[in-house]
Amino acid sequence: MYIRIRPFSTDVIKRGQKLQLTTFVYTMASVDIRDNNLLGISWVDSGWVPILTPANVLEYFSERSNPFYDRSCNNEVVKMQRLSMEHLNQIVGVEYILLHAQEPILYIIRKQQRQSPTQVIPISDYYIIAGVVYQAPDLGSVIGSRVLSAVHGIQSAFDEAMSYCRYHPSKGYWWHFKDQEERDAKAKPKSKKKEEPSSLFQRQRVDNLLLDLRSKFPPTFYQPKPGEKPIPVEVKKEPEPTTEAVKQEEREPATKPAAPAPASTKPPPEKRARLQ
């Protein structure tokens, strides 16, 4: 939210009034930023990171793009009047100071409300790590975050416990865990599936095939009892024909040719005259 100011003559507006109007404009412009929660954001200007020192870290923090900086603070008043930062102790209001510096990586800046030259009230702290600006959470935010994490863990535990709970009107309540299913599955033997009985045609066909194979390839060993050594089967060999019988077969003439088939006694078919 910004307020547009009409241009006035510099002769009419005094310097103190002009500073007051400028401060009012910056206060209204930063209302939307201060109302938001800045704990979840960060800000960095890569051009300043290599040259950050305790002397210029407040100038880096007062960049216009920094959402953590309030332009209605006394630092802006001192900067516009071109005074040194030592004059902050003499002005009542919000100011930023360098609280701690650990070169070259860590700087802590505090935002505080000055009541008098010796009395201040801390508002919030900001830490700069490697040029990145973060807002330090307050004690209430830390406790709220821890409580929320604890409640989330407890709720997740209750949800998981309820997923294992079972109920039946006849049995009541009981617990059903996945590990118990695996243990029960390992303990119980796997039941074999019942095979369908073979048909009469299949049994007869298999028996015929086995008999045919046995006749073609007779067994050469047989085992009287299970576990005993197999005993070879004696195969009877047919006697080979003598040389005299072979010579006699060679001397015998070849088989007589078959007699010719008798001619058929049926008369030839009659020829019929064709119609002209």
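What counts, and where the lines are drawn
Counting restarts for each chain: residues are numbered from 1 in the order of the written sequence. The model is predicted, so local features are restricted to residues of pLDDT at least 70 and side-chain atom pairs to those at 80 or more, both for listing and for counting; the totals for chains, interfaces and linings are taken over all residues. Only hydrogens and water are set aside; all other atoms, that is, all heavy atoms of the structure, feed into the side-chain values. Each helix is a run of H or I in the DSSP string that is no shorter than four residues. Each strand is a run of E no shorter than two, and both are numbered from the N terminus. Accessibility here uses a 1.4 Å probe with only protein chains present; expressed as a share of the type maximum, an area under 20% marks a residue as buried, one over 50% as exposed, and anything in between as partly exposed. Here, two residues are considered to be in contact whenever any of their heavy atoms come within 4.5 Å of each other. The Shrake-Rupley method, run with a 1.4 Å probe, gives the accessible areas here. Residue values count only the displayed protein chains as cover. When DSSP finds two or more bridges between a pair of strands, those strands are recorded as paired. To define axes, lines are fitted to C-alpha atoms, for helices over the stretch in contact only, and angles between the resulting N-to-C directions are given on a 0 to 180 degree scale. Here the nonpolar core consists of buried residues drawn from Ala, Val, Leu, Ile, Met, Phe, Trp, Tyr and Cys, with membership extended through side-chain atoms lying within 4.5 Å. pLDDT is a residue-level measure of predictor confidence that goes from 0 to 100.

**A word on the overall build of the chain**
Here is step 1 of the chain: Along its length, the chain carries eight helices and eight strands.
Here is step 2 of the chain: Taken over 276 residues, the chain has a buried fraction of 16%.
Here is step 3 of the chain: Within the chain, counting contacts between residues at least 6 apart in sequence, those at least 24 apart form 36% of the total.
Here is step 4 of the chain: Counting every atom, the chain has about 24200 Å² of accessible surface; 57% of that belongs to carbon and sulfur.

**Details of the sheet that holds strand 2 (residues 106–116)**
Backbone hydrogen bonds are what pair the strands of a sheet, in a parallel or an antiparallel way.
Here is step 1 of the chain: Reading across the sheet, the four strands line up as 1-2-3-4 and stay open at both edges, with antiparallel pairing between neighbours. Each end of this open sheet is capped by a strand with a single partner; those strands are strand 1 (93–102) and strand 4 (132–135). Across the sheet, the mean angle from the axis of one strand to that of its neighbour is 30 degrees, orientation sign disregarded.
Here is step 2 of the chain: Pairing between strand 3 (residues 119–129) and strand 4: four bridges, direction antiparallel. Note that in strand 4 the partner of Tyr126 across the bridge is Gln135.

**Some details on the nonpolar core**
Here is step 1 of the chain: One finds Tyr60, Phe61, Phe68, Tyr96, Ile128 and Val133 to be the most contacted residues of the largest nonpolar core, which totals 17 residues.
Here is step 2 of the chain: Every element with two or more residues in this core is listed here: helix 3 (57–61), strand 1, strand 2 and strand 3.
Here is step 3 of the chain: Counting residues per element, this core draws most heavily on helix 3, which supplies three residues.

**Comments concerning the confidence of the model for the chain**
Here is step 1 of the chain: Residues with a pLDDT of 70 or more make up 67% of the chain, whose mean pLDDT is 75.
Here is step 2 of the chain: For the chain, helix 1 (residues 15–29) is the element with the lowest average pLDDT, namely 33, and strand 4 is the one with the highest, namely 94.
Here is step 3 of the chain: Within the model, pLDDT remains below 50 along residues 1–35, and this stretch shows 28 contacts once partners closer than five positions in the same chain are excluded.

**Some remarks on unusual backbone geometry**
Trans is the common state for peptide bonds, and a negative phi is the common state for residues other than glycine.
Here is step 1 of the chain: Going from Glu103 to Pro104, the amide bond is cis rather than trans, its omega being 0 degrees.
Here is step 2 of the chain: With respect to the helices, strands and loops of the structure, Pro104 is situated in the loop between strand 1 and strand 2.
Here is step 3 of the chain: A positive phi angle is found at Ala130, which is not glycine, with a value near 55 degrees.
Here is step 4 of the chain: With respect to the helices and strands, Ala130 occurs in the loop between strand 3 and strand 4.
Here is step 5 of the chain: Residue classification places Ala130 among the partly exposed positions, given a relative accessible area of 43%.

**Description of the side chain of Glu76**
Here is step 1 of the chain: Assignment of secondary structure puts Glu76 in helix 4 (residues 74–80).
Here is step 2 of the chain: You can call Glu76 buried: its relative accessible area is 11%.
Here is step 3 of the chain: Once you skip the residues sitting within four places of it in the chain, Glu76 turns out to touch Ser62, Tyr69 and Arg71.

**Details of the environment of Met162**
Here is step 1 of the chain: Looking at where Met162 falls in the secondary structure, it is placed in helix 5 (residues 139–163).
Here is step 2 of the chain: Its relative accessible area of 58% is what places Met162 among the exposed residues.
Here is step 3 of the chain: Between the alpha carbons of Met162 and Trp175 there is a distance of 9.2 Å; along the sequence they are 13 residues apart.

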